[in-house]
Amino acid sequence: MFDNVTGVEETRQSAVKGIRIGLFSGLIFGFAATVGAVLVGYEPLMPLRLGASVLLGEGALTASPGTAILVGLIVHFSVSVYYGLLFGLSHERFTWMKHWHRLALGCLFGLVVWALNFQIIARVLYPWFLDFIQSIIALIHIAFYGLPLAMMYLRGERRSGGRAPRSVPRHA
């Protein structure tokens, strides 16, 4: 009976940690995406305009700066928190791996987020997303979202005195 309570508490802690690191990684990613947009010749608001276009349609690419910022931030951080939550819940299953393996797993996670969002969802719902340089966007997802997720998760484990507790299924 108590093992189930412990498992639920571990899952809750993983979810909260995932949400928190999703927010911070989203902040890092947002900054990197803004710098990347400027470096390739777009306005600094272009990443937020793309985010806003998820809710407002392609017209968000030319919407007022205030609208782009408000809606873009809501969409960006909602998606960052969602993927952070998924990472936090799934990462608990990989505590047996070495740290550098889990850093690589974070990079892979960033690549999967890019592939899902840009190569699957955007192709169907938001084709204007594909007008931008996909290799740069993929690299930003890997290096500035997936890797920071893994790094912050590992840092949290080190602060708490080692690896997170691992639930082992009990047999009846």
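**Quick word on a nonpolar patch on the surface**
So, step 1. A surface patch of nonpolar side chains, about 650 Å² in accessible area, is lined by F31, V35, L39, V40, Y42, I133 and I136.
So, step 2. Top element by residues in the nonpolar patch is helix 1 (residues 2–39). It accounts for 3 residues.
So, step 3. Among the secondary structure elements, I136 is positioned in helix 5 (residues 134–159).

**Overview of the layout of surface pockets**
So, step 1. In this structure, the largest pocket spans a volume of roughly 830 Å³.
So, step 2. Taken together, 40 residues make up the lining of the largest pocket; nearest its centre are F29, P47, H76, F118 and H141.

**Some thoughts on the confidence of the model for the protein chain**
So, step 1. The share of residues in the protein chain with pLDDT of 70 or more is 85%, and the mean pLDDT across the chain is 88.
So, step 2. Between the elements of the protein chain, mean pLDDT differs from a low of 88, seen in helix 1, to a high of 97, seen in helix 2 (residues 46–56).
So, step 3. In the predicted structure, residues 163–172 sits below a pLDDT of 50 and forms 17 contacts with residues beyond four places in sequence or in another chain.

Quick notes on the rules
Residues numbered from 1 in each chain as written. Predicted model: local features only at pLDDT ≥ 70, side-chain atom pairs only at ≥ 80, totals over all residues. Heavy atoms only, no water. Patch = residues over 30% accessible without salt bridge, like charges linked within 9 Å, V, L, I, M, F, W, Y side chains within 5 Å. Areas by Shrake-Rupley, 256 points an atom, 1.4 Å probe, with all protein chains shown as cover. Salt bridge = Lys/Arg side-chain N within 4 Å of Asp/Glu carboxyl O. Helix = DSSP H or I, 4+ residues; strand = E, 2+ residues; numbered from the N terminus. 1 Å grid on protein atoms, 1.4 Å probe; cavity = no way out; pocket = protein on both sides within 12 Å on 5 of 7 lines; lining within 4 Å. Points joined across faces, edges and corners; volume = space filled by probe spheres on them. pLDDT = per-residue confidence, 0-100. Contact = heavy atoms within 4.5 Å.

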